[in-house]
Every structure is written in C-alpha cells, then in structure tokens.
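Structure assessment
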Amino acid sequence: MTQINGTTSKCPLRPNIGVFTDPEHNLYIDATSPSVEELECPTTLKEGEVAITIRSTGICGSDVHFWHAGCIGPMVVKGKHNLGHESAGEVIAVHSSVTTLKPGDRVAVEPNIPCHTCKPCLTGRYNGCENVLFLSTPPVPGLLRRYVIHPAIWCHKLPDTMTYEDGALLEPLSVALAAMDRSNIKLGDAVLICGAGPIGLISLLCARAAGAEPIVITDIDQGRLDFAKSLVADKPGTLGTYLVPRGKSDEENAAAIVEVFGGVEPDVCLECTGVESSIGAAIFAVRFGGSVFVVGVGRNELKFPFMRLSTREVDLKFQYRYCNTWPKAIQLVSSGILRDVRKLVTHRFALDNAIEAFKTSADLKSGAIKVQIVNED
C-alpha cells in the first residue's frame, strides 16, 4: 500500500519520468516532477487539483516540431522541455476541495490552464486566454510523463465505453470539432480537406458525419490518401482524393482539385497543413463566396493570392486550438458517431521506449498516422 496525498493506493509509485527535448534538439527520457516524495506529501495538492497516472499519450506533430525545429512561431524551446499534450489517465489522489472526481476515475486531460479573468476567458473563448498555461508549449511542461498534477476542472471523466487510448484522441478530435464549429460546414456542402495527417483525417470523419457531400482530400503522400479512403469506406457519400504533385502552380492544383469534384467548386476548405502552396490552391479552388478555414500551423509569414480572395469574396479564417469541445468529443466517440477515430492509432510504444515512438512518428516511411505512448506500470 502507498499513501498518495493522504489517500491509500494499492499501486506502488514508481519514479516519475518524462520525455524531453532541448535547444540542441536532443530527445531523451529523464526524471521529472511531481516526484514520488511530492505525491506522497499530503500538502502537495492545492485547492481544485488532482494527481493522475498518465496511461496513454498521443504524439502530435507539434511535439515533433519542437524537437526538430526548436520552435513554433514565437513559442521557443529555451531549455529542458517536457513534451506531450494528448493524454488520458487514472486519478490517484484528489484535494479535499474536489467533489467531481475520485481516485480510480479515468479521465482525459484537457491540457490548458486558463486564467478565467481576461476578456477571452470571460466571453467563453478561453483558447485565446492572455495568460494561459498550455501544457507542452514552452516553457510549460507537458503531459508525457508518468504522473501529473492538474486542475480537476480540466480533467474530463471518461465513460466505461471509452479506453485511455480513446481519451488521448480527444485532443486532436477537439481541434477538428473547433474547425467544424467555426467553419460552419452544413449538410450538403462540398468540402475540400487539405492534408491527410491526423487532423485532416479526423476532419474527414467529422465532415462526413455532418453530411458534407462531396468531399475531396489532398496530400503529397499516396499512402495517406489510401488510408483516408479506407477510413470512410463503409460510410455513404463520395470521397475523392488528389495527390499533390511537385512543380504545379496553385492555380493548376486548384483546377485539378475542382476536376476531382466533378466540376463543382467546393463551398468550404478545411486547410490542415499550414503550407503556403496548399492554402493558395484552396483559395483558387473554392467557389465565389466560399471560405478557406486554416487549421494547420505554418511559417510566421505567408503569401496569399489577395486579389483572388477579394474579387471572389472568399473568406479566409484561422483557428487557435479549441474551447468547450471536450464534453462534445466524449459524447461523439462514446455514442459511436465518431468511433472510427480509433482507427488512426497505428503504432503503440511503452513509455520506456518513447524515443523510438518519436522516431516512428517523424518518419513518413513508417506509415504511422497516430503514435501513442502507453504507460501500463
């Protein structure tokens, strides 16, 4: 038996470890907080907090980017940095003030701690919080570790129909759900999805569930396009694919995309790459009065075909993370409406083998879509 913050646990605690990168682009496993001694101390948890054993964590493209590039825009790795923000786990201790959770509950961890006092927070758009602590965005440590302490309000209880793996998928699903809400995709809209990575594929599932028809998805990798076809093969509706070739102009790619649509110019594009040429092709492809909604993250500065946007009244919109999506995401997965998000997990690694997990996720030749790191200790 182990005492965790005054709570008796049947599972002995092991040393806490996490996955880190640094400004020299090293990737390694090392000791992290909270330590076993901190977890066993009855005064460690503050009001509203719970301690969690993380069980499943997905590797996001941003994790790989922080490792390889050391930054995403103004978010720069300046020291030892703990990665990971797609996680679910088991509550092992709660502060006495917490009444919504108890030890043994399984939760998905929403990886933000907003201030609740700034204008975005007070107007319900806490993804724009001016003082947010977003886990895994430097310098805030991430969730890819054995144990974490987090506010209970941002720990969403999972129903019995969902696994830890499902819970870890709620973060990328939340990105897609935020895009669906703000892009205003409607029943019968012709939708173009640029990029068949995890976010593009989840957006495909969401658009199909929302009744978009037809849908075309693009990518530079045929394997990912084939995966997209298999993902919705058992669902009604039309899915076209377009393999983006090298050397073609944005206008040429747009014309080819419209041809895949059967001559129909799409109403909405969900642009999930953040790549300049892909955004440009989307702008040229959508109809007069259509919209291009950019979900992907790109370089600090990009060039857009302004006059095409202007003369065609194309709305160009952007997204920053998500808000108020997690309860909805849980409902959609647990009900079975979006159960196929589970198909995106192609590789699983133990926490002790996390370095190999990252290498697999970063290697396009591996065929990996979503790699998850599992802690079964």
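Let me begin by describing the structure that accompanies this report. Predicted, not measured: the structure shown is a model, and the values here were computed from it.

**Some points on the packing of aromatic side chains**
The final tally for this structure, using the stated rule, is 6 aromatic pairs. Residues F20 and Y28 carry aromatic rings whose centres are separated by 6.0 Å and whose planes lie at 20° to one another, so their mutual orientation is stacked. Note on Y28: relative accessible area 22%, which makes it partly exposed. Ring pairing ties together the aromatic residues F134, Y322 and W326, which thus form one cluster. One Lys or Arg, R106, reaches over the ring of Y164 and ends 5.6 Å from the middle of that ring.

**Examining the pattern of salt bridges**
In the structure shown here, the tally under the stated rule is 16 salt bridges. Among the salt bridges present, the one from D166 reaches R342, with a minimum N-O distance of 2.9 Å. Remark: R342 occurs in the loop between α11 (326-334) and β21 (345-350) and D166 occurs in helix α4 (residues 164-168); sequence separation between them is 176 residues. Overall, the relative accessible area of 3% leaves D166 in the buried class. Under the relative-accessibility criterion, R342 is labelled partly exposed at 31%. Where K343 meets D340, a salt bridge forms, and the shortest distance between an N and an O atom there is 3.7 Å. In this structure K343 comes out as partly exposed when scored by relative accessible area, which is 37%. By relative accessible area, D340 is classed as buried at 9%.

**Some words on unusual backbone geometry**
At the junction of S33 and P34, the peptide bond is cis and its omega measures out at 0° in the coordinates. Looking at the secondary structure, you find P34 in the loop between β4 (27-31) and α1 (36-40). The residue after P138, namely P139, is reached through a cis peptide bond having omega 5°. With respect to the secondary-structure elements, P139 resides in the loop between β12 (133-134) and β13 (147-151). Positive phi, normally seen in glycine, also occurs at H25, with a value near 70°. Of note, H25 is situated in the loop between β3 (17-21) and β4. For R321, which is not glycine, the phi torsion reads 55° and is therefore positive. Looking at where R321 falls in the secondary structure, it is placed in the loop between β20 (315-318) and α11.

**A few points about the sheet that holds strand β19 (residues 291-294)**
Taken in spatial order, the 6 strands line up as β17-β16-β15-β18-β19-β20 in an open sheet, and their pairing is parallel. Strand pairing shows two members of the sheet lacking a second neighbour, β17 (239-243) and β20, which therefore form its edges. On average, each strand axis in the sheet is tilted by 15° relative to the strand beside it, whichever way the strands run. Summarising the sheet, strand β16 (residues 215-219) and β17 pair through 5 bridges and their orientation is parallel.

Analysis parameters
Residues numbered from 1 in each chain as written. Predicted model: local features only at pLDDT ≥ 70, side-chain atom pairs only at ≥ 80, totals over all residues. Heavy atoms only, no water. Phe/Tyr/Trp six-rings, centres within 6.5 Å; stacked < 30°, edge-to-face > 60°. Buried < 20%, exposed > 50% of the residue type's maximum accessible area, 1.4 Å probe, protein only. Lys NZ or Arg CZ within 6 Å of the ring centre and 35° of its normal. Salt bridge = Lys/Arg side-chain N within 4 Å of Asp/Glu carboxyl O. Helix = DSSP H or I, 4+ residues; strand = E, 2+ residues; numbered from the N terminus. Pairing = 2+ DSSP bridges. Axes fitted to C-alpha atoms, helices over the stretch in contact; angles between N-to-C directions.

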